[in-house]
Amino acid sequence: MKKIISILLTIAFAIPVLAQDRITVKGTVLDETGTPLIGAGVSEKGTTNGVVTDVDGLYSISVSPEAVLTFSYISYSNQDVKVAGRNAIDVTMLPDNNLLEEVVVIGYGTMKKSDLTGSVASVSAKALQNFKTASVLEALGGQVAGVSITAADGTPGAGFDIKIRGVGTVNGDSSPLFIVDGFEVEDISFVASQDIESVQYLKDASASAIYGARAANGVMLITTKSGREGRPQITYNGSASYRVLSNKLQLLDPYDFVALQMEVNPTKYADTYFKVGEDSEGVPYRYQSLEDYRNLDRSEWIDWQDEAFRPTWSQNHDVSIRGGIKEAQYTISYSHFDENGIFTNSGYTKNTARVKISNKIFKWLTFTGSLNYANSTKTGIGTGGGQLANLLSYRPVGGLNVSAWELRNLMYDPTAQAESNFDSNKINPIVQAENTDDVRKQEQWIGNVSLNAQLAKGLTFKTSATYNVNNQRRDIFYNEATSQAYRAGGVYGQTTMSKNTRWQNSNTLNYKRTLKKKHSVDAMIGQEVSYIGSESLLGQAKDFPFGDLGNNNLGLGATPSLVETTKAESLRLSFFARGFYSYDDRYMVTATFRADASTVFSAKNKWGFFPSFAASWNIANEPWLKDVDWISALKIRAGWGTVGNDRITNYLSMNLYTDSKLGMGTAQTTVLTPKQLANSNLKWEGSTTTNIGLDLGFFDSRLNITADAFVKDTKDLLLAQNLAYVTGFSSQWQNIGKIRNSGVELTINSVNF
């Protein structure tokens, strides 16, 4: 009995001792500027116990008094801090300046930045996080040397023109190849900035030749964020922006405008803008001389820029959830962007959603899958198509015969209409924008899956597939007060519906080993097949009894004036290989080869072959330079390669025909007329690049300099060659063009704090 009582007393005293074995530690995690870090990891070293910081960078964790806390965050160096019985620990994270160990994405794989032999530029997620824009391309503008990104116009949702090292084609698609998580996509409008982990640009042919026929204009690789081990981390980021036109163009005021008209054609405009005396009813003319236009009251003239551009709001909301266990991680995200255009009657709305999972099914087999969804609605005709030019050239005053109200609210300048002079610059740009209903809707679904199998030590096999469908619809309705309705004899509407489909399957076998600590080998072979299909339907109707329903019922139009359908398909089969060898992290060589076959070319030129070779010397790792502490990187690179371009219009190598109608009423016959002369010699547009580069790093990589010089020669460009008229054709598409792009690029990056 005494023994039992002794045991119970021992347990009773042990319980409070065990409870005192854990303490709660709280604190704040900040970045190098003192800004709280959201989602930073805080874990008890050597255990699975961990938490993440909240929106204010705060954390709370229960640990042993003698524990060591590990603080981690992407792009920052991990920090280990001893608890030593403390209840409050604040930490300031420092950026990871060891850029040489950064892992970058290359074609069908990854590589340490220090092992790169080609010209590759990177942009991190941190560089994008403060940009609140409808397109990630807008945020990427100006961040990489040799990459030019410009907006098509200032309209919300307008596209962007992106060039990597100049223009690589004339009549083909000149945009770079977009790869998102290893899969080719038409554009990256479905990717939200918050979902991006990193962006890589493959700028020279030695780096991009692994993509062969698609890489003549450079390659842009985007990696999206994945799940992470730990408790669910919920992040919200929202913003609202008030936008105003910051600066207007300096145009002629009423006095200067009238003075110019009198200088240009005093005879024509003698009685248009001012006249001495009275009219037939004895009323004095409003403007007796040019001086009457000085300091004119605002109600008597039109400032077209004030009429067209208005202050407006935009808003952005991002929500994401990340978490998982060691064997399975997930991420779920949603983004909403809404912008009312500064230009009248324009706007843009976009929603994107993404689910990405990774599951280690077996020790040797990993499954990764993602589903992306995006929809967008763009309204308004924008400032393109001559709208902005009309706005800037439209006269500010109507003179004696046209009031300011008429000038602002009538479709045509009344003076031009009286003269039957319907030039485009006589069309009222504001009325045109207000009375044209132009709505473009897009919905996109993308599904990706992959299996990665570890077959043996250093040997992995990966198979991946994607299916991408993009549905678009554009409704245009020209109301009565538009130039199109005026010329067509009444209001009319047009609807275009299109569907673009892509699928792709890639299979790669990769071998990666380091032998005797000095010889590193990375070899890969692969095969890929991809399909692109598009189809569209266009319907147009005129002579509507009223325009209230717009495009919602084109059947109301008495005249179905146009019906068209199109369909196009292309298929590509590819085989590729890459080999990399490094000796002692000092001397590195890379060689790639790709063979592509595409249905867009003639039977005897379907295959294209694209080799490349590059080498680098990492001087900083030489024994005689390792003791120089202030030099952290010094590498010389040189590369050569050939890439191609198959993104041209389908069927250019075939005889094509156009249709026309003969006859009247129901007795009509369709007649086919030759439209294009076949070219059986049609072949690939090829681009060859020679590149030399220098990478420098100083003071523990706090100052980094990258310099590149390149010459890019593109040949066999598709151009329309004039033909003798006796052939029955005015021209034929032939590979006769050449382009040379050359230049020097310099990038300087410093970490100041």
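From a predicted model like this one, the values you see are computed outputs, not experimental measurements.

Calculation notes
Residues numbered from 1 in each chain as written. Predicted model: local features only at pLDDT ≥ 70, side-chain atom pairs only at ≥ 80, totals over all residues. Heavy atoms only, no water. 1 Å grid on protein atoms, 1.4 Å probe; cavity = no way out; pocket = protein on both sides within 12 Å on 5 of 7 lines; lining within 4 Å. Points joined across faces, edges and corners; volume = space filled by probe spheres on them. Helix = DSSP H or I, 4+ residues; strand = E, 2+ residues; numbered from the N terminus. Nonpolar A, V, L, I, M, F, W, Y, C, P; charged D, E, K, R; others polar. Buried < 20%, exposed > 50% of the residue type's maximum accessible area, 1.4 Å probe, protein only. Polar contact = N/O pair within 3.5 Å; in protein donor to acceptor, adjacent residues only side chain to side chain. Contact = heavy atoms within 4.5 Å. Salt bridge = Lys/Arg side-chain N within 4 Å of Asp/Glu carboxyl O.

Q: Lay out empty space enclosed by the protein in plain terms, naming residues and giving numbers.
A: Under the definition given, this model contains six cavities of 30 Å³ or more. Counted as a void, the largest cavity has a volume near 150 Å³. Along the wall of the largest cavity there are 15 residues; nearest its centre are Ile106, Thr117, Ser206, Ala207 and Thr590. Among the elements of the structure, helix 3 (205-208) and strand 27 (587-598) are those that each provide at least two residues to the lining of the largest cavity. Among the residues forming the lining of the largest cavity, the class breakdown is eight nonpolar, six polar and one charged. Phe190, Val191, Ala192, Asp195, Thr224, Thr352, Ala353, Arg354 and Asn372 are the residues that line the second largest cavity. With three residues, strand 20 (residues 347-362) is the single largest residue contributor to the lining of the second largest cavity. In the lining of the second largest cavity, the residues fall into four nonpolar, three polar and two charged.

Q: Explain the side chain of Asp475 to me, using residue names and the numbers behind them.
A: Within the secondary structure, Asp475 is located in strand 23 (residues 459-478). Take Asp475: its relative accessible area is 16%, and that puts it in the buried class. A distance of 3.1 Å separates a polar atom in the side chain of Asp475 from a polar atom in the side chain of Arg473. Among all residues touching Asp475, those that are not within four sequence positions of it are Asp437, Asp438, Val439, Gln494, Thr495 and Asn551.

Q: Report on the pattern of salt bridges, specifying residues and quantitative values.
A: Scanning all chains against the criterion turns up 31 salt bridges. Here Lys163 ties to Asp161 by a salt bridge, and the two come within 2.4 Å at their closest N and O atoms. Taking relative accessible area as the criterion, Lys163 reaches 13% and is therefore assigned buried. Owing to a relative accessible area of 35%, Asp161 belongs among the partly exposed residues under this scheme. Here Asp438 ties to Arg474 by a salt bridge, and the two come within 2.8 Å at their closest N and O atoms. A residue pair is termed long-range when its members are at least 10 positions apart, and Asp438 in strand 22 (residues 436-456) and Arg474 in strand 23 qualify at 36 residues.

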